[in-house]
Amino acid sequence: MKSRMASIAWLFAVIVFLSLFITPLFGDYQFLGNVTAYQKEERGVLLTCGTDQLRVAVLAADLVQVRLARNGEWDGGPSYAVIKTQWPAIEWNLAETTAELQITTAELVVKIKRTPCRLAFFDKSGNLINQDDEALGIGWDGPEVGSYKKLFEDEKFFGLGEKTGGLDKRGNEWVMWNSDIPAYTNVTDPLYQAHPFFIGVRQAGAYGIFFDNTYKTYFNMGAGNHRFYSFRAERGELNYYFILGPAIKKIITRYSELVGRMPLPPQWAMGYQQCRWSYYPESEVRALAQTFRDKQIPCDVIYLDIHYMDGYRCFTWDQSRFPDPAKMLGDLRRQGFKVVVIVDPGIKVDPDYFIYEDGLKGDHFVKFPDGQPYIGDVWPGKSHFANYTVPATRQWWGSLHRQFVEQGIAGFWNDMNEPAVWGKAVPDVVMFDEGGKKVSQKKIHNVFGHLMAQSTYEGLRELRPNERPFILTRAGFAGTQRYAAVWTGDNIATEEHLEMAIRMCLGLSLSGYSFVGGDVGGFVGTPNPELFARWIQVGAFTPLFRTHSEYNSSEQEPWSFGDWVEDVSRRYIRLRYELMPYLYNAFRQSAETGVPIMRPLFMEFQDDREAYAWHNYTQYFFGEDFLVAPVTRVGQRARKVYLPGTAATRWHDYWENKTYNGGQYIFVDAPPERLPIFVRAGAIIPSREAQNYVDEKPLAQLRLDVYPREKSARTFYEDDGRTFDYQRGEFCETQFECVAIAQQIDFNIGERKGKFVPAQRQLLVRLHGQAKAPKAVLVNQKRVEATAWQYLGEQGVVEVRLPDTGKAQQVRLVTQSARLGRQ
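Please read these numbers as outputs of a predicted model, since none were measured by experiment.

Asks: Can you tell me about the overall build of the protein chain, naming the residues and giving the values?
Replies: Across its full length, the protein chain holds 14 helices and 56 strands. For the protein chain, whose C-alpha radius of gyration is 29 Å, the value lies close to the compact-globule estimate of 28 Å for 823 residues. In the protein chain, which comprises 823 residues, the share counted as buried stands at 62%. Within the protein chain, counting contacts between residues at least 6 apart in sequence, those at least 24 apart form 69% of the total. Counting only carbon and sulfur atoms, one obtains 50% of the accessible surface of the protein chain, whose full area is about 30500 Å². Distance between charge centres in the protein chain, computed from 94 positive and 97 negative side chains, equals 5 Å.

Asks: I'd like a description of helix α10 (residues 495-509), backed by residues and values.
Replies: Taking 1.5 Å as the rise per residue, α10 with 15 residues should run 21 Å; its terminal C-alpha atoms sit 22 Å apart, in good agreement. Within α10, 13 of the 15 residues are buried, which leaves it mostly tucked inside the rest of the structure.

Asks: Please set out the pattern of salt bridges residue by residue, giving values where relevant.
Replies: Working definition: two side chains of opposite charge can pair if their charged atoms are close together. The final tally for this structure, using the stated rule, is 59 salt bridges. Of the charged contacts, one joins glutamate 737 and lysine 711 as a salt bridge, the two residues approaching to 3.8 Å between their closest N and O atoms. Residue glutamate 737 is found in strand β48 (residues 732-741), and its partner lysine 711 is found in strand β47 (residues 711-718); the two are separated by 26 residues along the sequence. Taking relative accessible area as the criterion, glutamate 737 reaches 23% and is therefore assigned partly exposed. A cluster of three or more residues bridged by salt bridges with shared partners is formed by Lys249, Arg599, Glu604, Glu624, Asp625, Arg680 and Arg714.

Asks: Could you give an account of the environment of glutamate 418, naming the residues involved and the relevant values?
Replies: For glutamate 418, the location among the structural elements is in the loop between β28 (411-414) and β29 (431-434). Each C-alpha atom of the pair glutamate 418 and methionine 452 lies 9.9 Å from the other, and the pair is 34 residues apart in sequence. Aside from chain neighbours lying at most four places away, what touches glutamate 418 is Asn178, Ser179, Asp180, Tyr192, His445, Phe448, Arg474 and Ala475. A polar atom in the side chain of glutamate 418 sits 2.7 Å from the side chain of arginine 474.

Asks: Describe the sheet that holds strand β54 (residues 789-792), with residues and values.
Replies: On the basis of which strands lie adjacent, the open sheet formed by five strands has the order β45-β46-β51-β55-β54 and mixed pairing. Across the chains shown, the open sheet's two edge strands, defined by having one partner strand only, are β45 (684-687) and β54. In this sheet, neighbouring strand axes are inclined to one another by 20° on average, regardless of whether the strands run parallel or antiparallel. One ladder, built from six bridges, connects strand β51 (residues 762-767) with strand β55 (residues 797-803); its direction is antiparallel. Paired with glutamine 762 across the strands is proline 803, a residue of β55.

Asks: Can you explain the packing of aromatic side chains? Please cite residues and give values.
Replies: Overall, the coordinates contain 69 aromatic pairs when judged by the stated rule. When the ring of tyrosine 303 is compared with that of tryptophan 413, the centres are 5.4 Å apart and the planes differ by 90°; the resulting orientation is edge-to-face. On the criterion of sequence distance, the pair formed by tyrosine 303 in strand β23 (residues 301-304) and tryptophan 413 in strand β28 is long-range, its members being 110 residues apart. Seen in terms of ring centroids, tyrosine 457 and tyrosine 483 are 5.8 Å apart; in terms of plane orientation they differ by 55°. Their pairing is tilted. Taken as a pair, tyrosine 457 in helix α9 (residues 448-463) and tyrosine 483 in the loop between β32 (476-477) and β33 (485-487) lie far apart in primary sequence, 26 residues in all. The pair formed by tyrosine 457 and tyrosine 483 is uniform in burial state, with each residue classed as buried. Stacked on the ring of tryptophan 174, the Lys or Arg lysine 169 has its end atom at 4.8 Å from the ring centre. Just above the ring of phenylalanine 337 sits the side chain of arginine 293; from NZ or CZ to the centre is 3.8 Å.

Asks: Give me the lowdown on the side chain of glutamate 499, citing residues and values where you can.
Replies: Residue position: glutamate 499 is located in helix α10. What makes glutamate 499 buried here is its relative accessible area of 14%. Within the structure, glutamate 499 has its side chain in polar contact with the side chain of threonine 632 (distance 2.7 Å). Ignoring any residue separated from it by four or fewer positions in sequence, one finds glutamate 499 in contact with Thr618, Thr632 and Arg633.

Asks: Account for the side chain of asparagine 585, with residues named and values stated.
Replies: Within the fold, asparagine 585 resides in helix α13 (residues 580-593). Asparagine 585 sits in the buried class, given a relative accessible area of 14%. Excluding its chain neighbours within four sequence positions, the residues that come into contact with asparagine 585 are Thr715, Phe716 and Tyr717.

Asks: Which residues make up the sheet that holds strand β27 (residues 381-385), and what are the values?
Replies: Strand order in this open sheet of three strands is β25-β27-β26, and the pairing throughout is antiparallel. What marks the edges here is a single partner per strand, and that holds for β25 (346-348) and β26 (376-378). Between one strand and the next, the sheet's axes are offset by a mean angle of 60°, whatever the strand orientation.

So, how was this worked out
Residues numbered from 1 in each chain as written. Predicted model: local features only at pLDDT ≥ 70, side-chain atom pairs only at ≥ 80, totals over all residues. Heavy atoms only, no water. Helix = DSSP H or I, 4+ residues; strand = E, 2+ residues; numbered from the N terminus. Rg over C-alpha atoms; globule rule 2.2 N^0.38 Å. Buried < 20%, exposed > 50% of the residue type's maximum accessible area, 1.4 Å probe, protein only. Contact = heavy atoms within 4.5 Å. Areas by Shrake-Rupley, 256 points an atom, 1.4 Å probe, with all protein chains shown as cover. Lys, Arg positive; Asp, Glu negative; His and termini not counted. Charge placed at Lys NZ, Arg CZ, Asp CG, Glu CD. Expected span 1.5 Å × (residues − 1). Salt bridge = Lys/Arg side-chain N within 4 Å of Asp/Glu carboxyl O. Polar contact = N/O pair within 3.5 Å; in protein donor to acceptor, adjacent residues only side chain to side chain. Pairing = 2+ DSSP bridges. Axes fitted to C-alpha atoms, helices over the stretch in contact; angles between N-to-C directions. Phe/Tyr/Trp six-rings, centres within 6.5 Å; stacked < 30°, edge-to-face > 60°. Lys NZ or Arg CZ within 6 Å of the ring centre and 35° of its normal.

By themselves, these are just geometric observations and shouldn't be taken as functional.
Following this line, the structure appears as structure tokens:
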């Protein structure tokens, strides 16, 4: 009996010992097993779990990389998204108990459970922010790999790039697989871009996760269950980055540091852009340009779609339609227009086509495994496609822009680069080259458009070293913002799509993509005149402001819908140009920090629970200080607006002399000619006179609209708006500060700092919220005569004029009636 008991005990001990090294199995699924050993490394710990390894690396106090090596094999392929791979050394500690390992930084704690290996992330106060599902954790099924996270009751999810639906992605599964889907709906998924990054928001704080995998990926954000959310890839490695907030802005700043930020674009690209499929021949383009100037409607950019080409051959002109491109481009440039042309990736199979022959000779096209070049059908017919994974091919592609650049083309529009072909699918067996290793379309598909944009950007930097490129792309991946702006593809001229355009741009913004926009008026179909007017209003407060429409559609220019729509369009396009100094500063802030220009309410007021309400997802901030509440329904004449914050937060109606407390809903009149806009107390809004195009006139008077609160400050940035000289110190900054106490408001203008010297100009300081005329106005401690200032009673504004000397100055109002805001 004792011998039998001893045998059973020995067998049980063996089973327990072996279980430490065997990965748990759940049918076909396998999940990461127990920690059997670990090794402390310079940046974190390397965990051994049977035959598998998991590396938890501390890159920054708020940034941790988690990477799995199944059977101890690491995927050595490059990251197409991550550009920062070297991080400054930081202090971190590793502690252990029999149950867990614990990594601690100045901002977060990572607890690693030993049995089985599971991760949990805490903030420095001990609040649980994110954790693996206890049973599932990290797992795989054949080549598929994924991570399963506990789903908390209060958890919301934002980001994931270019997605339809609401801003909160909870309750659905989302797919990352770049797809050409014209006339998509509010439930279509996937679309043109893949951004495997999201922000989780809980009451305890926010966090971000970037899943660095280019294969087809799936984000189940609690779809069909209440237990977990997951992110999975059909192939490739499990490699994700965890970013601790708690602030959403902080997460986006750190994420954009990891994958890159939008470079500061040329200022002309921030102006109004007119496009359709297609403007041709040359006479139509010239007539379009002249009409803009005759009607005094500002415009900087005209697009040429595929009909400018010779038989849809890239980098060619149809000589019958455009007999002298260089002359046309020069004439348009003198009128203030920049021309952007479309370039698709498909290269026509034609022995008489020089780019086709050059591509074959240089071995620049993708192939099947047997070495035969892949042929897909697209606009030119049978076409080859460049192998952008090869550096030499990217350089070759960039060089193809030379003739167009020399002729005067200002920007390039990369379309059909998902890649799109007739039949909708490039075969999975099409092969690319990754550092000498053959990889399939399955891995490269989602970064094909990204690499095309990179090739174009780098080519333009080579051809015009000191001129900022402008590239617009339809397809992209995490990090494509380093190279190109993006638009939301082939939308429809409906009210629903106007609302979708707002939400989709906000989703992209939350994913680190700042230079975004949708086709104003809708690409497919013809908008109702009032709908077009409303869309123009939204476009004026969107980073990319471009009207576009499909082939054989009705005309869709600002004057195409009657006089009153033309007047509304002119008014809001001109307003865009008046606010160009404000907009340029918002772009600059985004280029420096990654914080987007277009922001949901909850990005600025993260603790205001009402800011997360679904019906508030079509309100947004434009830059730091404008709150925009568009009207999206034809016939609607009033707008319910939520003003975030608390009773101490102060909001100013942009159009009327009215102020409101935050933390409440209000109803405002919204006739067709009015876009409801509000300005937060503390704002200092720089603006100028409108122009027909950027740089038409020097900035003769800088207008500063000041909305006082107890104390606020803004930095005003300037450079030449065109070149990269700002990277060599050719810029200047001026600090503006407003300090308001009971009987006095001081507006302080700091000394201009920096190498860039703007043209001589005047300042017009406009102090809002003044119920009565001030008792006195002082400039630089001296009382000024009434001729130097005026009180506009109906507006509640005091205007003061003074020269901009570049030196420190002060405007003081002596008053007993200033209405102040605290936040």
